[in-house]
Amino acid sequence: MELYEAIFYRKTVEKYSIKKVKQPMIEDIKRICKNITYLNEDLNIKANVVDRGHIIHFLMGKECKVKAPHYIVVTSDKGTDYLQNIGFAIESVVLQLTSLGIGTCYIESNLDKDDMKDIIDSEEEKSDREDSQIDFFEEVEEIDESPYVIIAFGYPAKGEELFRRRDAKPDRKSLKDITKGFKGSSEWDCILDMARRAPSINNCQPWFFYKEGELVHLCEKKQKQHLEEMSKISVGAALRHFDIACKYHEVNVIYEKADHKDRRGKEYFISIKRSGVNLESDEEGIEAGSKDKGQ
């Protein structure tokens, strides 16, 4: 299953079986996590696989609302748009796990750098005992990044669905509620529909797309203070969906910062510019591409 298809099937899984993911697939997931990509290359974002879920249960205590056999703890240093970049990076991992038949769920993190040291020490001990082929935490001398979000993963509990039906309509706002300025620009509809399917904290769907000339501006609808960090991560996840859809439909885009002010109740994040594509003729091309690929 390619990532574009995974967008249709992905759903949040909150209840997990105690069955563990077999070690060969854990190693595959570690490889995926080692190869994350994001927009701001000055950041140092890491997706740390925690094989033994009880470590997270212990460290998070009562705040661990989703009990799973495994977790991914996502850490980053602070820099420009670091939270949005975390969402952009980790949503690709989530979709790849979906394509592997693994359930996932975003969890707010209450961990700190000291907790990360405990996690790393524990995983290193396990790696030493089992002589793992991949030492995910190798060459770690000092922890400079803080944990910001956690992904629970594993197999769904009995009665819990792993996938959403492909033709199901997720509980999401309509395109007209998350866009402005796209009148007569239906060539974007297929791509924006993928963005609106992204997961978000409390399903708040904070993303908003403004079309202004040749640019599309992505903004975040401001949330209550306790949701701020996860809201920005959610916006990054929506941009990853947007990016995957652009690649699928062979629409070349460039992400850049533009001279765009915050609008009332909305905070500017980034702008999107198409490159090497004829806007007047591309609508038909997208529709034809969708039909060719069974959409």
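The notes below deal with the structure included here. (Residues numbered from 1 in each chain as written. Predicted model: local features only at pLDDT ≥ 70, side-chain atom pairs only at ≥ 80, totals over all residues. Heavy atoms only, no water.)

1. As for the overall build of the protein
The test is simple: Secondary structure follows DSSP: runs of H or I at least 4 residues long count as helices, runs of E at least 2 residues long count as strands, and numbering of each begins at the N terminus. Note on exposure labels: buried denotes an accessible area under 20% of the residue type's maximum, exposed denotes more than 50%, and partly exposed covers the range between, all computed with a 1.4 Å probe on protein chains only. Contact between two residues is taken to exist if any of their heavy atoms lie within 4.5 Å; hydrogens are not considered. Only the protein chains shown count as cover for residues, with accessible areas throughout obtained via the Shrake-Rupley method and a probe of 1.4 Å.
When helices and strands are tallied, the protein shows nine helices and nine strands. Within the span of the protein, comprising 295 residues, buried residues form 53% of the whole. Considering only contacts in the protein between residues 6 or more positions apart, those separated by 24 or more positions represent 77%. As displayed, the protein has an accessible area near 14800 Å², and 44% of this comes from carbon and sulfur atoms.

2. Examining the pairing of strand β8 (residues 253–256)
Test applied: DSSP-based pairing: two strands are paired if at least 2 bridges between them are found.
Only one face of β8 is buried: it carries V253 and Y255, and the other face, with I254 and E256, is open. Inspection of the sheet shows β8 paired to strand β9 (residues 266–274) by four bridges, in the antiparallel sense. Residue pairing in the sheet places E256 in a bridge with S271 of β9.

3. Here we look at the nonpolar core
Generally speaking, soluble globular proteins have nonpolar side chains that are buried together. This is how the line gets drawn: Take the buried Ala, Val, Leu, Ile, Met, Phe, Trp, Tyr and Cys residues and link them wherever side-chain atoms come within 4.5 Å; each set so joined is a nonpolar core.
Membership of the largest hydrophobic core comes to 63 residues, with the highest contact counts inside it found for I72, I86, F153, F209, L239 and F242. Counting 18 residues, the second-largest nonpolar core is a separate cluster that includes M60, A68, V73 and C105.

4. Concerning the packing of helix α7 (residues 189–196) against helix α8 (residues 228–248)
As a reminder of what qualifies: Axes, fitted as lines to C-alpha atoms, cover a helix only where it is in contact. Angles between the N-to-C directions of the axes lie from 0 to 180 degrees. For a crossing to be left-handed, the near helix must be turned anticlockwise from the far one by less than a right angle; the clockwise case is right-handed. Three classes are used, and their members are as follows: Ala, Val, Leu, Ile, Met, Phe, Trp, Tyr, Cys and Pro are nonpolar, Asp, Glu, Lys and Arg are charged, and the others, Gly among them, are polar.
One can describe the packing of α7 onto α8 by two numbers: an axis separation of 7 Å at closest approach and a directional angle of 145°. The way α7 lies across α8 gives a crossing that is right-handed. Residue-level contacts link I191, L192, M194 and A195 of α7 to A238, H241, F242, A245 and C246 of α8. For the contact of α7 with α8, the residue count by class is eight nonpolar, one polar and no charged.

5. Let's talk about the layout of surface pockets
Test applied: Residues are called lining when one of their atoms sits within 4 Å of a cavity or pocket point, these points coming from a 1 Å grid over the protein atoms alone, where a cavity is a set in which a 1.4 Å probe fits but cannot get out and a pocket is an open set with protein on both sides within 12 Å along at least five of seven lines. Grid points are joined across faces, edges and corners, and a volume is the space filled by probe spheres set on the points.
Here the largest pocket is characterised by a volume of approximately 590 Å³. Taken together, 25 residues form the lining of the largest pocket, with C105, Y106, I107, I201 and N202 sitting closest to its centre. Contributing elements (two or more residues each) for the lining of the largest pocket: β3 (103–108) and α8. Of the residues assigned to the lining of the largest pocket, the class counts are ten nonpolar, seven polar and eight charged.

6. Here we look at the packing of aromatic side chains
For clarity, the cut-off: Put simply, two rings from Phe, Tyr or Trp (the six-membered ring, in Trp's case) pair if the centres are within 6.5 Å, and we call them stacked under 30 degrees between planes, edge-to-face over 60, tilted for the rest.
For the structure on display, the rule yields seven aromatic pairs. An angle of 70° between the planes, with centres 5.7 Å apart, marks the rings of Y4 and F8 as edge-to-face. Of the two residues, Y4 and F8 both sit in helix α1 (residues 3–9), four residues apart, roughly one turn of that helix. What makes Y4 buried here is its relative accessible area of 5%. A relative accessible area of 7% places F8 in the buried class.

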